[in-house]
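# Structural description and commentary
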Amino acid sequence: MLATIRQTAEYIKEAVGKTPEIAIILGTGLGDLANQIEITKELDYKEIPNFPVSTVEGHSGKLIFGNLGGKYVMAMKGRFHYYEGYDMKQVTFPVRVMQCLGVKTLLVSNAAGGMNKEFEVGDVMIITDHINLFPENPLRGKNYEELGTRFPAMTEAYSHDLIALADKIGEEEKIRLMHGVYVGTPGPTFETPAEYEYFRIIGGDAVGMSTVPEVIVANHAGMKVFGISVITDLGGKDVTQVPTHEEVQQAAVKAQPTVVKLVTTLVERM
Ligand code: HPA
């Protein structure tokens, strides 16, 4: 595994030259953030050795390098989901490569269903913590001490400093920012009303099918993490709305300008 990660990192280093300390994973419908980056280099997942290729509609696969908010960053346009059939090591492979490239901070975004009764469609939620309901942990198996410790703490999986900074920006820019716990599920089904209710009772505010694997590996790698969910639909016992992929994408696209503003300013001020 180490040799594979290093081979991919070496390829990227050679192709790109300068490597960044900040990486961004763009979620469903949030690809527009990529348009804010003054791109210096783009790599198709197809051309990167050992990289999985994304299959889902609406997720194109590109690694982007360039400047955002005055900082040099890399961004993943298109991520790998467990529901596509990738295993947890494949889903998190890009984060390992980022680690090898010297990335210190990971910003992640996703679309999620809201269980918190205060939430509205289009809300932006800062992820304060998560609950891992994937059937497997990406760190299962042999541990490589070079990559991280066998039993990593997850007490501050999402950086308190970055959350505080985002809150400050939200206040200044008058962005309605919610806080909440993200429940990560394997998908690809949306939840039954009883499941939304169950996730709310166990402490979740929003639910989605990504992010948790990458954030676990980023923490293992010693990175600081910041995450946001765009609430694209609402679920619960009394909610009769039926979520669809199209609706999720539309709601995410609508929230894009807000998310772009928040993330760009956050990077600028980091
Ligand atoms: N459930 C799971 N994943 C999601 C949802 C949802 O309601 N909305 C967007 N991604």
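It should be noted that the structure appears before, not after, this text.
Our subject in this report is the structure included herewith. Since the structure is predicted, the reported quantities are computational estimates derived from the model, not experimental observations. Counting of residues starts from 1 at the beginning of each chain's written sequence and follows it residue by residue. The model is predicted, so local features are restricted to residues of pLDDT at least 70 and side-chain atom pairs to those at 80 or more, both for listing and for counting; the totals for chains, interfaces and linings are taken over all residues. Remark: hydrogens and water are excluded; side-chain values derive from all non-hydrogen atoms of the structure.

Within soluble globular proteins, side chains that are nonpolar tend to cluster in buried spots. Take the buried Ala, Val, Leu, Ile, Met, Phe, Trp, Tyr and Cys residues and link them wherever side-chain atoms come within 4.5 Å; each set so joined is a nonpolar core. Any residue under 20% of the maximum accessible area for its type is buried, any over 50% is exposed, and the rest in between are partly exposed; the area is computed with a 1.4 Å probe on protein chains only. Counting residues in hydrophobic clusters, the biggest one holds 79 residues, and the most contacted among them are Ile-12, Leu-63, Met-98 and Leu-106. In this view, Leu-106 contacts Ala-23, Ile-25, Met-98, Glu-214, Ala-218, Met-223, Lys-224, Val-225 and Phe-226; residues no more than four positions away in its chain are not counted. With 5 residues, the next largest nonpolar core counts Met-115, Val-183, Phe-199 and Val-207 among its residues. Should any heavy atoms of two residues lie within 4.5 Å, those residues are counted as being in contact.

Where helices and strands are cited, they refer to DSSP runs of H or I of at least four residues and of E of at least two residues respectively, numbered from the N terminus. Turning to its location among the elements, Glu-214 is positioned in helix α6 (residues 212-220). Excluding its chain neighbours within four sequence positions, the residues that come into contact with Glu-214 are Ile-25, Arg-79, Val-91, Thr-92, Val-95 and Leu-106.

Whenever Lys or Arg places a side-chain nitrogen within 4 Å of a carboxyl oxygen from Asp or Glu, that contact is recorded as a salt bridge. Tallied over the full model, the rule gives 11 salt bridges. Between Glu-120 and Arg-176 there is a salt bridge, with the nearest N and O atoms lying 3.9 Å from each other. You can see Glu-120 sitting in the loop between β5 (105-114) and β6 (124-132) and its partner Arg-176 sitting in the loop between α4 (160-172) and β7 (177-184), a full 56 residues away along the chain. The salt bridge partner of Glu-197 is Lys-237, with a shortest N-O separation of 3.6 Å. Of the two residues, Glu-197 is situated in helix α5 (residues 193-201) and Lys-237 in the loop between β9 (224-234) and α7 (245-269); the sequence distance between them amounts to 40 residues.

Turning our eyes to something else, we now look at empty space enclosed by the protein. Each cavity reported here is a set of points on a 1 Å grid over the protein atoms alone in which a 1.4 Å probe fits but cannot get out, each pocket an open set with protein on both sides within 12 Å along at least five of seven lines, and each lining residue one with an atom within 4 Å of a point. Grid points are joined across faces, edges and corners, and a volume is the space filled by probe spheres set on the points. Here the structure, examined in full by the defined rule, presents 1 cavity of 30 Å³ or more. Considering only enclosed or pocket space, the largest cavity measures out at about 60 Å³ in volume. In this structure, the largest cavity is lined by 12 residues; those nearest its centre are Ile-24, Val-108, Ser-109, Ile-228 and Val-263. Residue assignment for the lining of the largest cavity shows that the elements contributing at least two residues are β1 (22-26), β5, β9 and α7. The class makeup of the residues in the lining of the largest cavity is 11 nonpolar, 1 polar and no charged. The nonpolar class holds Ala, Val, Leu, Ile, Met, Phe, Trp, Tyr, Cys and Pro. Asp, Glu, Lys and Arg form the charged class, and all remaining residues, Gly among them, are polar.

Moving on, we get to the pairing of β5. Across the 10 residues of β5, 10 count as buried, placing the element largely inside the fold. Between any two strands, pairing holds if DSSP finds at least two bridges. Where β1 and β5 come together, 4 bridges link them in parallel fashion. Directly across from Ile-22, in β5, lies its bridge partner Thr-105. Of the strand pairs in this sheet, β5 and β9 are connected by 10 bridges, and their pairing is parallel. Bridge assignment links Gly-114 to a residue of β9, and that residue is Leu-234. Of the pairings in the sheet, the one linking β5 to strand β8 (residues 206-208) comprises 2 bridges and is antiparallel in character. Considered in β8, the bridge of Gly-114 is made with Ala-206.

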